[in-house]
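Letter by letter, the chains look like this.
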Amino acid sequence: MSLIKRTDSGWLPTVFDDMFRTDWLGGTTNVNSIGTSIPAVNIKETEDSFSVEVAAPGKAKEDFNIELDNDVLTISSENKKENETTDKEGRFTRKEFSYSTFKRAFSLPDSVDNSKISAAYNNGVLEIALPKREEAKVQAKRLIDIS
């Protein structure tokens, strides 16, 4: 977690805010934003890569924006819906609309090979593969001769 300046108004709410607003890779969420729905995110590390899974059912791959800027991976989406209903004689019209957005940002470790990042959207889950650089992968144990 990152170092955050505390206010004098009380320490307890701020500690909880930090837990819910900071992601494990150091990113922040947009909690408390109006019209915002924050999808669940799983982050997994293996010997060869990191994997980020974003639960976003009902969306299409075109709904997402994935950007990489200075080792910060940003995943965002916005959804606008508009429905209009008119009765048989056209005297009553009701128009309902909704707007939702989310944005998640993750600071990537130096071990990620930025040129090989890929993403896929399958069955309501956005999967982002973050391969590690060759030199960052776990090396096999070996004996070193003493000369």
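Being a predicted model, the structure only gives us computed values, none of them experimental.

Below, the discussion takes up the packing of aromatic side chains. Tallied over the full model, the rule gives two aromatic pairs. Geometrically, the ring pair formed by phenylalanine 64 and phenylalanine 102 is edge-to-face, given 6.5 Å between the ring centres and 65 degrees between the ring planes. You can see phenylalanine 64 sitting in strand 3 (residues 64-69) and its partner phenylalanine 102 sitting in strand 5 (residues 93-107), a full 38 residues away along the chain. The residues phenylalanine 64 and phenylalanine 102 share a single accessibility class, namely buried. Taken together through their ring pairs, the aromatic side chains of Phe64, Phe102 and Tyr121 make up a single cluster. In this structure, lysine 132 packs its charged tip against the face of phenylalanine 50, placed 5.2 Å from the ring centre.

For the rest of this paragraph, the subject is the sheet that holds strand 6 (residues 118-122). With respect to topology, four strands assemble into an open sheet ordered 1-2-7-6, the strand pairing being antiparallel. The two strands at the open ends of the sheet, each matched to only one other strand, are strand 1 (41-45) and strand 6. In this sheet, adjacent strand axes meet at a mean angle of 15 degrees when their direction is disregarded. Pairing of strand 1 with strand 2 (residues 49-55) involves five bridges; the strand directions are antiparallel. Residue pairing across strands places valine 41 opposite valine 54, the latter belonging to strand 2.

Judged by nonpolar contacts, the single largest core of 15 residues is most densely connected at Val52, Val54, Phe64, Ile75, Leu126, Ile128 and Leu130. Once you skip the residues sitting within four places of it in the chain, valine 54 turns out to touch Pro39, Ala40, Val41, Ile75, Phe102, Gly124, Val125 and Leu126.

The next subject is the environment of serine 77. One can find serine 77 in strand 4 (residues 72-86). C-alpha separation for the pair serine 77 and threonine 101, spaced 24 residues apart in sequence, amounts to 5.6 Å. A polar atom in the side chain of serine 77 sits 3.3 Å from the side chain of lysine 59.

A few words on unusual backbone geometry. The residue asparagine 70 is not glycine, and still its phi comes out positive at about 50 degrees. Of note in this structure, asparagine 123 is not a glycine but carries a positive phi near 50 degrees. The residue asparagine 123 is located in the loop between strand 6 and strand 7 (125-131) in this model. Residue asparagine 123 is classed as exposed on the basis of its relative accessible area, which comes to 83%.

What counts and what doesn't
Residues numbered from 1 in each chain as written. Predicted model: local features only at pLDDT ≥ 70, side-chain atom pairs only at ≥ 80, totals over all residues. Heavy atoms only, no water. Phe/Tyr/Trp six-rings, centres within 6.5 Å; stacked < 30°, edge-to-face > 60°. Helix = DSSP H or I, 4+ residues; strand = E, 2+ residues; numbered from the N terminus. Buried < 20%, exposed > 50% of the residue type's maximum accessible area, 1.4 Å probe, protein only. Lys NZ or Arg CZ within 6 Å of the ring centre and 35° of its normal. Pairing = 2+ DSSP bridges. Axes fitted to C-alpha atoms, helices over the stretch in contact; angles between N-to-C directions. Core = buried A, V, L, I, M, F, W, Y, C linked by side-chain atoms within 4.5 Å. Contact = heavy atoms within 4.5 Å. Polar contact = N/O pair within 3.5 Å; in protein donor to acceptor, adjacent residues only side chain to side chain.

Any link to function would need more than the numbers given here.
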